[in-house]
Amino acid sequence: MRVFSRLAGVGSYLPGSPVDNNALVARGIETSDKWIVDRTGIRARHLAAPNETSSQMGREAALKALDMAGITAADLDLIIVATSTPDYVFPSTACILQGSLGNRGAAAFDVQAVCSGFVYALTIADKFIQSGSHRKALVVGAETFSRILDWRDRGTCVLFGDGAGAVVLEASEKPGILASALHADGSQAGILSVPGQVANGQVTGDPFLRMEGQAVFKYAVRVLTTVARECCETVGLTTDDIDWLVPHQANIRIIEATSRKMGLSMEKVVVTLDRHGNTSAASVPLALDEAVRDRRIRRGQKVLLEGVGGGFAWGALLFEF
Ligand code: UT7
(Lines give C-alpha, C1' and ligand atoms only; values in the text may rest on other atoms or scores of the structure.)
Protein backbone atom coordinates (compact mmCIF):
# COMPACT_ATOMS: atom_id res chain seq x y z
CA MET A 1 0.00 0.00 0.00
CA ARG A 2 1.25 3.49 -0.84
CA VAL A 3 2.41 5.56 2.12
CA PHE A 4 1.67 9.28 2.16
CA SER A 5 2.89 11.95 4.53
CA ARG A 6 0.25 13.98 6.28
CA LEU A 7 0.64 17.33 8.04
CA ALA A 8 -0.14 16.50 11.66
CA GLY A 9 0.92 19.76 13.29
CA VAL A 10 2.11 23.27 12.55
CA GLY A 11 3.72 25.94 14.71
CA SER A 12 5.57 29.23 14.46
CA TYR A 13 7.51 31.78 16.46
CA LEU A 14 8.28 35.47 15.99
CA PRO A 15 10.91 37.19 18.13
CA GLY A 16 10.24 40.36 20.11
CA SER A 17 7.79 43.12 19.21
CA PRO A 18 7.02 44.27 15.66
CA VAL A 19 9.47 46.84 14.26
CA ASP A 20 7.50 49.08 11.90
CA ASN A 21 8.84 51.01 8.92
CA ASN A 22 8.94 54.30 10.83
CA ALA A 23 11.19 52.64 13.43
CA LEU A 24 13.69 51.97 10.63
CA VAL A 25 13.49 55.63 9.58
CA ALA A 26 14.12 56.56 13.22
CA ARG A 27 17.25 54.37 13.14
CA GLY A 28 18.61 56.64 10.39
CA ILE A 29 17.86 54.50 7.31
CA GLU A 30 17.19 56.78 4.34
CA THR A 31 13.74 55.42 3.50
CA SER A 32 10.05 56.06 4.21
CA ASP A 33 7.01 54.07 5.27
CA LYS A 34 5.37 55.10 1.97
CA TRP A 35 8.23 53.79 -0.21
CA ILE A 36 8.40 50.44 1.61
CA VAL A 37 4.61 49.92 1.62
CA ASP A 38 4.15 51.01 -2.03
CA ARG A 39 7.05 48.93 -3.43
CA THR A 40 6.79 45.85 -1.20
CA GLY A 41 3.64 45.76 0.97
CA ILE A 42 5.80 45.41 4.11
CA ARG A 43 4.71 47.44 7.16
CA ALA A 44 6.64 45.70 9.95
CA ARG A 45 9.00 42.84 10.74
CA HIS A 46 10.35 41.10 13.87
CA LEU A 47 14.05 41.14 14.71
CA ALA A 48 15.80 38.56 16.88
CA ALA A 49 17.45 39.66 20.13
CA PRO A 50 21.27 39.88 19.92
CA ASN A 51 21.82 36.38 21.38
CA GLU A 52 18.74 34.72 19.89
CA THR A 53 19.58 31.98 17.36
CA SER A 54 17.79 30.19 14.54
CA SER A 55 17.79 26.93 16.55
CA GLN A 56 16.19 28.65 19.56
CA MET A 57 13.44 30.17 17.43
CA GLY A 58 13.03 26.84 15.62
CA ARG A 59 12.58 25.12 18.99
CA GLU A 60 9.69 27.41 19.95
CA ALA A 61 7.95 26.74 16.61
CA ALA A 62 8.68 22.99 16.83
CA LEU A 63 7.16 22.65 20.33
CA LYS A 64 3.89 24.15 19.06
CA ALA A 65 3.84 21.86 16.02
CA LEU A 66 4.58 18.78 18.19
CA ASP A 67 1.81 19.81 20.59
CA MET A 68 -0.72 20.11 17.74
CA ALA A 69 0.38 16.71 16.40
CA GLY A 70 -0.03 15.20 19.89
CA ILE A 71 3.46 13.68 19.93
CA THR A 72 6.72 14.45 21.72
CA ALA A 73 10.19 15.13 20.34
CA ALA A 74 11.24 11.62 21.38
CA ASP A 75 8.78 10.20 18.80
CA LEU A 76 10.55 11.90 15.86
CA ASP A 77 12.81 9.86 13.57
CA LEU A 78 13.72 12.71 11.20
CA ILE A 79 14.54 16.40 11.82
CA ILE A 80 15.26 18.78 8.94
CA VAL A 81 15.97 22.48 9.35
CA ALA A 82 15.86 24.83 6.37
CA THR A 83 18.07 27.82 7.07
CA SER A 84 20.64 30.10 5.47
CA THR A 85 21.44 31.65 8.85
CA PRO A 86 22.61 28.62 10.86
CA ASP A 87 23.78 28.97 14.47
CA TYR A 88 27.30 27.83 13.49
CA VAL A 89 29.33 26.70 10.51
CA PHE A 90 28.79 23.29 12.08
CA PRO A 91 27.22 21.27 13.69
CA SER A 92 24.00 21.67 11.75
CA THR A 93 21.21 23.77 13.23
CA ALA A 94 19.08 20.60 13.03
CA CYS A 95 21.46 18.77 15.39
CA ILE A 96 21.50 21.72 17.81
CA LEU A 97 17.69 21.79 17.70
CA GLN A 98 17.56 18.03 18.20
CA GLY A 99 19.72 18.38 21.32
CA SER A 100 17.58 21.17 22.75
CA LEU A 101 14.38 19.20 22.08
CA GLY A 102 15.82 16.17 23.87
CA ASN A 103 15.53 13.80 20.92
CA ARG A 104 18.26 11.21 20.43
CA GLY A 105 18.80 9.03 17.41
CA ALA A 106 16.64 10.70 14.75
CA ALA A 107 18.39 11.61 11.49
CA ALA A 108 19.03 15.37 11.59
CA PHE A 109 20.43 17.70 8.96
CA ASP A 110 20.07 21.18 7.44
CA VAL A 111 18.86 22.13 3.98
CA GLN A 112 20.29 25.27 2.39
CA ALA A 113 18.00 26.48 -0.37
CA VAL A 114 17.53 30.03 0.94
CA CYS A 115 13.95 31.31 0.50
CA SER A 116 12.77 28.05 -1.07
CA GLY A 117 14.41 26.09 1.75
CA PHE A 118 11.19 25.12 3.51
CA VAL A 119 9.59 23.76 0.33
CA TYR A 120 12.80 21.85 -0.39
CA ALA A 121 12.96 20.48 3.18
CA LEU A 122 9.29 19.44 3.24
CA THR A 123 9.73 17.70 -0.12
CA ILE A 124 12.76 15.78 1.19
CA ALA A 125 10.91 14.74 4.36
CA ASP A 126 7.95 13.62 2.25
CA LYS A 127 10.20 11.42 0.14
CA PHE A 128 11.79 9.85 3.26
CA ILE A 129 8.31 9.03 4.58
CA GLN A 130 7.01 7.78 1.22
CA SER A 131 10.01 5.44 0.98
CA GLY A 132 8.97 3.78 4.24
CA SER A 133 12.30 4.50 5.95
CA HIS A 134 10.91 7.14 8.36
CA ARG A 135 7.49 7.78 9.93
CA LYS A 136 7.54 11.02 11.93
CA ALA A 137 9.41 14.08 10.69
CA LEU A 138 9.88 17.57 12.03
CA VAL A 139 10.53 20.15 9.31
CA VAL A 140 11.56 23.63 10.44
CA GLY A 141 12.29 26.87 8.60
CA ALA A 142 14.23 29.24 10.88
CA GLU A 143 16.11 32.42 10.03
CA THR A 144 17.98 35.31 11.63
CA PHE A 145 18.41 37.32 8.42
CA SER A 146 18.85 40.53 10.43
CA ARG A 147 22.45 39.33 11.10
CA ILE A 148 23.38 39.27 7.40
CA LEU A 149 21.77 42.58 6.43
CA ASP A 150 23.85 45.60 5.55
CA TRP A 151 21.90 48.26 7.43
CA ARG A 152 23.51 50.90 5.17
CA ASP A 153 21.90 49.30 2.09
CA ARG A 154 18.33 50.61 2.05
CA GLY A 155 17.55 48.51 -1.04
CA THR A 156 17.74 45.32 1.06
CA CYS A 157 17.69 46.01 4.80
CA VAL A 158 14.04 47.13 4.87
CA LEU A 159 12.85 43.89 3.28
CA PHE A 160 13.77 41.12 5.71
CA GLY A 161 12.78 39.88 9.16
CA ASP A 162 13.48 37.01 11.57
CA GLY A 163 11.32 34.09 12.71
CA ALA A 164 10.64 30.38 12.50
CA GLY A 165 7.91 27.96 11.45
CA ALA A 166 7.56 24.20 11.78
CA VAL A 167 5.54 21.28 10.48
CA VAL A 168 5.23 17.73 11.84
CA LEU A 169 4.75 15.16 9.08
CA GLU A 170 3.47 11.66 9.79
CA ALA A 171 3.17 8.54 7.67
CA SER A 172 -0.45 8.01 6.65
CA GLU A 173 -2.54 5.76 4.41
CA LYS A 174 -4.41 8.82 3.12
CA PRO A 175 -2.94 11.95 1.49
CA GLY A 176 -1.27 14.11 2.64
CA ILE A 177 1.24 15.55 0.33
CA LEU A 178 0.10 15.01 -3.24
CA ALA A 179 2.92 16.45 -5.36
CA SER A 180 6.01 18.60 -5.33
CA ALA A 181 8.40 20.13 -7.85
CA LEU A 182 11.86 21.56 -7.16
CA HIS A 183 14.18 23.45 -9.50
CA ALA A 184 17.33 25.57 -9.47
CA ASP A 185 19.45 27.57 -11.89
CA GLY A 186 22.95 28.13 -10.57
CA SER A 187 23.82 30.42 -13.49
CA GLN A 188 21.79 33.06 -11.59
CA ALA A 189 23.70 32.63 -8.29
CA GLY A 190 24.94 36.22 -8.40
CA ILE A 191 21.57 38.01 -8.36
CA LEU A 192 20.92 37.15 -4.69
CA SER A 193 23.78 36.07 -2.45
CA VAL A 194 25.90 36.54 0.67
CA PRO A 195 29.25 36.14 -1.08
CA GLY A 196 31.45 35.69 2.00
CA GLN A 197 33.08 32.83 3.88
CA VAL A 198 35.09 32.11 7.02
CA ALA A 199 38.72 31.35 6.17
CA ASN A 200 41.91 31.34 8.22
CA GLY A 201 40.14 32.77 11.23
CA GLN A 202 38.59 35.67 9.35
CA VAL A 203 35.52 36.55 7.36
CA THR A 204 36.57 36.95 3.75
CA GLY A 205 34.58 38.30 0.81
CA ASP A 206 31.37 40.14 1.59
CA PRO A 207 29.34 38.85 4.57
CA PHE A 208 26.19 40.85 3.72
CA LEU A 209 23.15 40.01 1.63
CA ARG A 210 23.41 41.48 -1.87
CA MET A 211 20.54 41.51 -4.34
CA GLU A 212 19.73 42.72 -7.84
CA GLY A 213 16.13 43.45 -6.90
CA GLN A 214 14.58 43.83 -10.33
CA ALA A 215 16.28 40.72 -11.76
CA VAL A 216 15.07 38.69 -8.78
CA PHE A 217 11.57 40.15 -9.12
CA LYS A 218 11.18 39.19 -12.80
CA TYR A 219 12.69 35.72 -12.37
CA ALA A 220 10.47 35.02 -9.37
CA VAL A 221 7.19 35.87 -11.10
CA ARG A 222 8.09 33.74 -14.12
CA VAL A 223 9.21 30.57 -12.31
CA LEU A 224 6.54 30.65 -9.59
CA THR A 225 3.74 30.60 -12.14
CA THR A 226 5.33 27.74 -14.09
CA VAL A 227 6.16 25.59 -11.07
CA ALA A 228 2.66 25.98 -9.62
CA ARG A 229 1.15 24.60 -12.83
CA GLU A 230 3.77 21.82 -13.03
CA CYS A 231 3.06 20.71 -9.47
CA CYS A 232 -0.72 20.61 -9.96
CA GLU A 233 -0.51 18.84 -13.34
CA THR A 234 1.55 16.00 -11.81
CA VAL A 235 -1.62 14.80 -10.09
CA GLY A 236 -4.11 15.82 -12.79
CA LEU A 237 -5.24 19.01 -11.05
CA THR A 238 -5.24 22.64 -12.16
CA THR A 239 -4.72 25.78 -10.14
CA ASP A 240 -8.57 26.07 -10.08
CA ASP A 241 -8.55 23.11 -7.67
CA ILE A 242 -6.45 25.00 -5.11
CA ASP A 243 -8.25 26.21 -1.97
CA TRP A 244 -5.26 28.15 -0.61
CA LEU A 245 -1.96 29.42 -1.95
CA VAL A 246 0.73 29.98 0.69
CA PRO A 247 3.51 31.72 -1.24
CA HIS A 248 6.95 32.84 -0.14
CA GLN A 249 6.46 36.30 1.37
CA ALA A 250 8.93 38.57 -0.44
CA ASN A 251 6.91 41.30 -2.14
CA ILE A 252 3.15 41.82 -2.44
CA ARG A 253 3.62 42.77 -6.09
CA ILE A 254 5.27 39.37 -6.79
CA ILE A 255 2.45 37.58 -4.92
CA GLU A 256 -0.26 39.52 -6.79
CA ALA A 257 1.38 39.04 -10.20
CA THR A 258 1.82 35.30 -9.59
CA SER A 259 -1.73 34.73 -8.39
CA ARG A 260 -3.09 36.77 -11.30
CA LYS A 261 -1.12 34.65 -13.80
CA MET A 262 -2.37 31.51 -12.06
CA GLY A 263 -5.96 32.79 -12.27
CA LEU A 264 -6.26 32.63 -8.47
CA SER A 265 -8.19 35.27 -6.52
CA MET A 266 -6.19 37.06 -3.81
CA GLU A 267 -8.92 35.88 -1.41
CA LYS A 268 -7.33 32.43 -1.66
CA VAL A 269 -3.82 33.70 -0.93
CA VAL A 270 -2.32 33.79 2.58
CA VAL A 271 -0.37 37.02 3.12
CA THR A 272 1.70 37.73 6.23
CA LEU A 273 4.34 39.84 4.50
CA ASP A 274 2.83 43.09 5.80
CA ARG A 275 3.60 42.06 9.41
CA HIS A 276 6.57 39.68 9.00
CA GLY A 277 8.59 41.06 6.07
CA ASN A 278 10.59 38.46 4.16
CA THR A 279 11.75 35.76 6.61
CA SER A 280 13.34 33.58 3.90
CA ALA A 281 12.94 29.85 4.75
CA ALA A 282 10.63 30.72 7.66
CA SER A 283 8.12 32.69 5.60
CA VAL A 284 6.02 29.81 4.24
CA PRO A 285 5.60 27.88 7.53
CA LEU A 286 4.92 31.14 9.41
CA ALA A 287 2.10 31.96 6.97
CA LEU A 288 0.82 28.37 6.96
CA ASP A 289 0.66 28.27 10.75
CA GLU A 290 -1.27 31.54 10.90
CA ALA A 291 -3.88 30.37 8.38
CA VAL A 292 -4.30 26.96 10.07
CA ARG A 293 -4.66 28.46 13.55
CA ASP A 294 -7.19 31.12 12.46
CA ARG A 295 -9.11 28.28 10.72
CA ARG A 296 -8.93 29.65 7.19
CA ILE A 297 -7.18 26.42 6.14
CA ARG A 298 -9.35 23.44 7.10
CA ARG A 299 -8.96 19.66 6.96
CA GLY A 300 -9.65 18.30 3.47
CA GLN A 301 -8.68 21.51 1.65
CA LYS A 302 -5.96 21.62 -1.01
CA VAL A 303 -3.06 23.94 -0.26
CA LEU A 304 -0.19 24.93 -2.54
CA LEU A 305 3.08 26.12 -0.99
CA GLU A 306 5.61 28.05 -3.09
CA GLY A 307 9.20 29.13 -2.46
CA VAL A 308 11.69 31.13 -4.51
CA GLY A 309 15.02 32.82 -3.88
CA GLY A 310 18.80 32.61 -3.82
CA GLY A 311 20.41 29.91 -5.85
CA PHE A 312 18.42 30.70 -7.90
CA ALA A 313 16.16 28.00 -6.45
CA TRP A 314 12.39 27.54 -6.46
CA GLY A 315 9.72 24.95 -5.83
CA ALA A 316 6.11 24.14 -5.06
CA LEU A 317 4.37 21.53 -2.93
CA LEU A 318 0.69 20.57 -3.01
CA PHE A 319 -1.04 18.90 -0.09
CA GLU A 320 -4.48 18.04 1.19
CA PHE A 321 -4.68 19.20 4.80
O1 UT7 B 1 13.31 36.32 -0.94
C2 UT7 B 1 14.05 36.44 -2.08
C3 UT7 B 1 13.31 37.09 -3.09
N4 UT7 B 1 13.52 38.52 -3.08
C5 UT7 B 1 12.66 39.25 -3.74
O6 UT7 B 1 11.73 38.72 -4.25
C7 UT7 B 1 12.90 40.73 -3.93
C8 UT7 B 1 12.56 41.09 -5.35
N9 UT7 B 1 12.70 42.49 -5.66
C10 UT7 B 1 11.91 43.43 -5.14
O11 UT7 B 1 11.05 43.15 -4.33
C12 UT7 B 1 12.07 44.85 -5.62
O13 UT7 B 1 12.95 44.86 -6.75
C14 UT7 B 1 12.60 45.81 -4.53
C15 UT7 B 1 11.53 46.02 -3.49
C16 UT7 B 1 13.83 45.22 -3.89
C17 UT7 B 1 12.94 47.15 -5.14
O18 UT7 B 1 11.81 47.69 -5.81
P19 UT7 B 1 11.98 48.33 -7.25
O20 UT7 B 1 10.65 48.83 -7.63
O21 UT7 B 1 12.60 47.28 -8.12
O22 UT7 B 1 12.93 49.55 -6.98
P23 UT7 B 1 14.38 49.88 -7.56
O24 UT7 B 1 15.38 48.92 -7.01
O25 UT7 B 1 14.29 49.99 -9.05
O26 UT7 B 1 14.64 51.31 -6.95
C27 UT7 B 1 13.83 52.42 -7.33
C28 UT7 B 1 14.30 53.65 -6.57
C29 UT7 B 1 15.80 53.88 -6.66
O30 UT7 B 1 15.99 55.29 -6.73
P31 UT7 B 1 16.25 56.02 -8.14
O32 UT7 B 1 17.49 55.37 -8.69
O33 UT7 B 1 15.03 55.75 -8.97
O34 UT7 B 1 16.42 57.44 -7.73
C35 UT7 B 1 16.34 53.36 -5.36
O36 UT7 B 1 17.54 54.00 -4.98
O37 UT7 B 1 14.03 53.49 -5.17
C38 UT7 B 1 15.23 53.73 -4.41
N39 UT7 B 1 15.19 52.92 -3.22
C40 UT7 B 1 14.63 53.32 -2.06
N41 UT7 B 1 14.02 54.47 -1.71
C42 UT7 B 1 13.55 54.55 -0.45
C43 UT7 B 1 15.65 51.65 -3.05
N44 UT7 B 1 15.41 51.23 -1.81
C45 UT7 B 1 14.77 52.25 -1.17
C46 UT7 B 1 14.25 52.40 0.13
N47 UT7 B 1 13.64 53.56 0.43
N48 UT7 B 1 14.30 51.42 1.06
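Residues numbered from 1 in each chain as written. Predicted model: local features only at pLDDT ≥ 70, side-chain atom pairs only at ≥ 80, totals over all residues. Heavy atoms only, no water.

## A word on the sheet that holds strand β5 (residues 107-111)
Taken in spatial order, the 5 strands of this open sheet run β1-β7-β6-β4-β5, and their pairing is mixed. The outermost strands of the open sheet, each flanked by one partner alone, are β1 (4-13) and β5. For this sheet the average axis-to-axis angle between neighbouring strands, irrespective of direction, equals 20 degrees. Strand direction decides the pairing type here: strand β4 (residues 78-82) and strand β6 (residues 136-144), joined by 5 bridges, are parallel. (Pairing = 2+ DSSP bridges. Helix = DSSP H or I, 4+ residues; strand = E, 2+ residues; numbered from the N terminus. Axes fitted to C-alpha atoms, helices over the stretch in contact; angles between N-to-C directions.)

## Concerning the domain arrangement of the protein
Annotation of the protein at the domain level lists domain 1 (4-174) and domain 2 (178-320). The gap between the C-alpha centroids of domain 1 and domain 2 is 14 Å. Listed as interface residues are 52 residues of domain 1 and, on the opposing side, 45 residues of domain 2. Taken over both partners, the interface formed by domain 1 and domain 2 buries close to 3700 Å², and the fraction arising from carbon and sulfur atoms is 64%. When the area that domain 1 buries against domain 2 is broken down by residue, the three leading residues are Cys115, Val119 and Tyr120, summing to 17%. In this structure, the connection of domain 1 to domain 2 is made through 2 salt bridges. A salt bridge links Asp153 to Arg210; its shortest N-O distance comes to 3.8 Å. At the surface where domain 1 touches domain 2, the tally comes to 19 residue pairs in polar contact (both at pLDDT 80 or more). Mapped onto the side of domain 1 that touches domain 2, the elements with two or more residues apiece are β1, α2 (33-40), β3 (44-45), α3 (54-69), α5 (117-131), β6, α6 (154-157) and β7 (162-172). (Domains from an automatic or database assignment. Contact = heavy atoms within 4.5 Å. Buried area = accessible area lost by both parts, 1.4 Å probe. Salt bridge = Lys/Arg side-chain N within 4 Å of Asp/Glu carboxyl O. Polar contact = N/O pair within 3.5 Å; in protein donor to acceptor, adjacent residues only side chain to side chain.)

## Comments concerning α3
With 16 residues, α3 extends 22 Å from end C-alpha to end C-alpha; this agrees with the ideal 22 Å at 1.5 Å per step. Listed as buried for α3 are Ser54, Ser55, Met57, Gly58, Ala61, Ala62, Ala65, Leu66 and Ala69. Against β1, α4 (93-101), β6 and β7 lie the buried residues of α3. Phi for Gly70, located one or two positions after α3, is positive at around 75 degrees. (Expected span 1.5 Å × (residues − 1). Buried < 20%, exposed > 50% of the residue type's maximum accessible area, 1.4 Å probe, protein only.)

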